[in-house]
Amino acid sequence: MEINLVSDTITKPTYEMLQYMFNAEVGDDVYKQDPTVIELEDTIADVFGMEAGLFFPSGTMANQTAIKLHTQPGEQIIADKYAHIYLYEAGGASFNSGVSFSLLDGDQGRITAEQVAGAINDPEFYHSPLTSLVCVENTTNKGGGACYELDELQKIKTVCDAHNLKFHLDGARIWNALIAKKQDPKSFGRLFDTISVCLSKGLGAPIGSVLLADKATITRALRIRKMLGGGMRQVGYLAAAGLYALDHNVIRLSEDHRRAKELAGILRKTSWVATIAPVETNIVIFTLKSNYKEAEVIEKLKQKNISISAMGQGKLRMVTHLDYREVMHTYVLETLSKLAL
Ligand SMILES: *Cc1c(COP(=O)(O)O)cnc(C)c1O
């Protein structure tokens, strides 16, 4: 039994999902003639109470499109220092949009309205880049799956409005936040100019993200997606996986969250773990006491058929997901509690 806790992106489509994909009705989506893609875009837009959606092959391309929509070259984005758009999109923001970042030192990847307000450059002071966009991530990835409170996001939105800034949500794992916090997706739809959501993380689809916005913005996004090379043809087969995932794999995310909390509970009792970041969703980030080495722990677990990952700066990560089943969980809990280092 191979147990992979490296990421929630490692899930494979089930037989039922593949069957649903196989039966999809498709057309040429570049001509907007794929009914399944349209159904997925409309369904997710409705969930968030937004006007329109656009299907993307990856969350990165959806985020990059959002940045391009909201900025001009030379301008600046405000985001947390751990932001995926800053750390893990290959410098795409500077390459595709010619923008720089003002990075904030948030709490587990979450930033506050006060921090945002303090990072906005005076638009009259022409020596500084013009601030034009604020991006938040929910849940945070490198921040350890932390979730925002809606009232803090509302405060950030108020700051954005007062300073004429656009507001983008990188919601790769928004589904986890919605389940963990029992929040209404429409509250998010009301706050943001654009939202990107992933179907290929906790929801278990093999591919796919959707960018949400008003109709006029999505019309502009269509051209940007084309510029980035993201026009796709009979891609309803892939959109079908997303529709299947929305129907079957959202509510069950609470199981991933319970298991992540139980993993943290066991880690807390070991002699080799120093700190564990608060676990709110499906990500557990922990550090080791100074006499233990990360590579050693990873290797020891590997010998027991358990894969976890290192995140740099002494941090280790475990992510629970659809393919991490209860039998595996029982085995991992037992293995961790007995692990001799
Ligand atoms: C995974 C992820 C993305 C998008 O990743 P892709 O692999 O391009 O789909 C964006 N933001 C966050 C926070 C992520 O975790």
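Residues numbered from 1 in each chain as written. Predicted model: local features only at pLDDT ≥ 70, side-chain atom pairs only at ≥ 80, totals over all residues. Heavy atoms only, no water.

Per an unreviewed UniProt entry, the chain goes by Threonine aldolase and derives from Flavobacterium crassostreae. As stated in UniProt under Sequence similarities (unreviewed entry), the record for the chain gives "Belongs to the threonine aldolase family." Under the UniProt heading Cofactor (unreviewed entry), the note attached to the chain is "pyridoxal 5'-phosphate". (UniProt positions renumbered as here; feature names shortened; annotations may be inferred.)

As a further point, take the site of the ligand. If you check the shell around the ligand, you find 13 residues, and the closest are Gly59, Thr60, Asp170, Arg173 and Lys201. A distance of 2.6 Å separates a nitrogen atom of the ligand from a polar atom in the side chain of Asp170. Between Arg173 and the ligand, the recorded distance is 2.9 Å, taken from a side-chain N or O atom to an oxygen atom. With the chains in place, 84% of the 380 Å² that the ligand exposes on its own is no longer accessible. (Near = heavy atom within 4 Å. Polar contact = N/O pair within 3.5 Å; in protein donor to acceptor, adjacent residues only side chain to side chain. Areas by Shrake-Rupley, 256 points an atom, 1.4 Å probe, with all protein chains shown as cover.)

For the bond from Asn138 to Thr139, the omega torsion is -5°, close enough to zero to count as cis. Within the secondary structure, Thr139 sits in the loop between β5 (131–137) and α7 (150–162). Of note, the phi angle at Gln108 is positive, near 50°, even though the residue is not glycine. Mapped onto the fold, Gln108 is located in the loop between β4 (100–104) and α6 (113–119). The phi dihedral of Asn164 is positive, around 60°, even though this residue is not glycine. With respect to the element layout, Asn164 can be found in the loop between α7 and β6 (166–171). In this structure Asn164 comes out as exposed when scored by relative accessible area, which is 72%. (Helix = DSSP H or I, 4+ residues; strand = E, 2+ residues; numbered from the N terminus. Buried < 20%, exposed > 50% of the residue type's maximum accessible area, 1.4 Å probe, protein only.)

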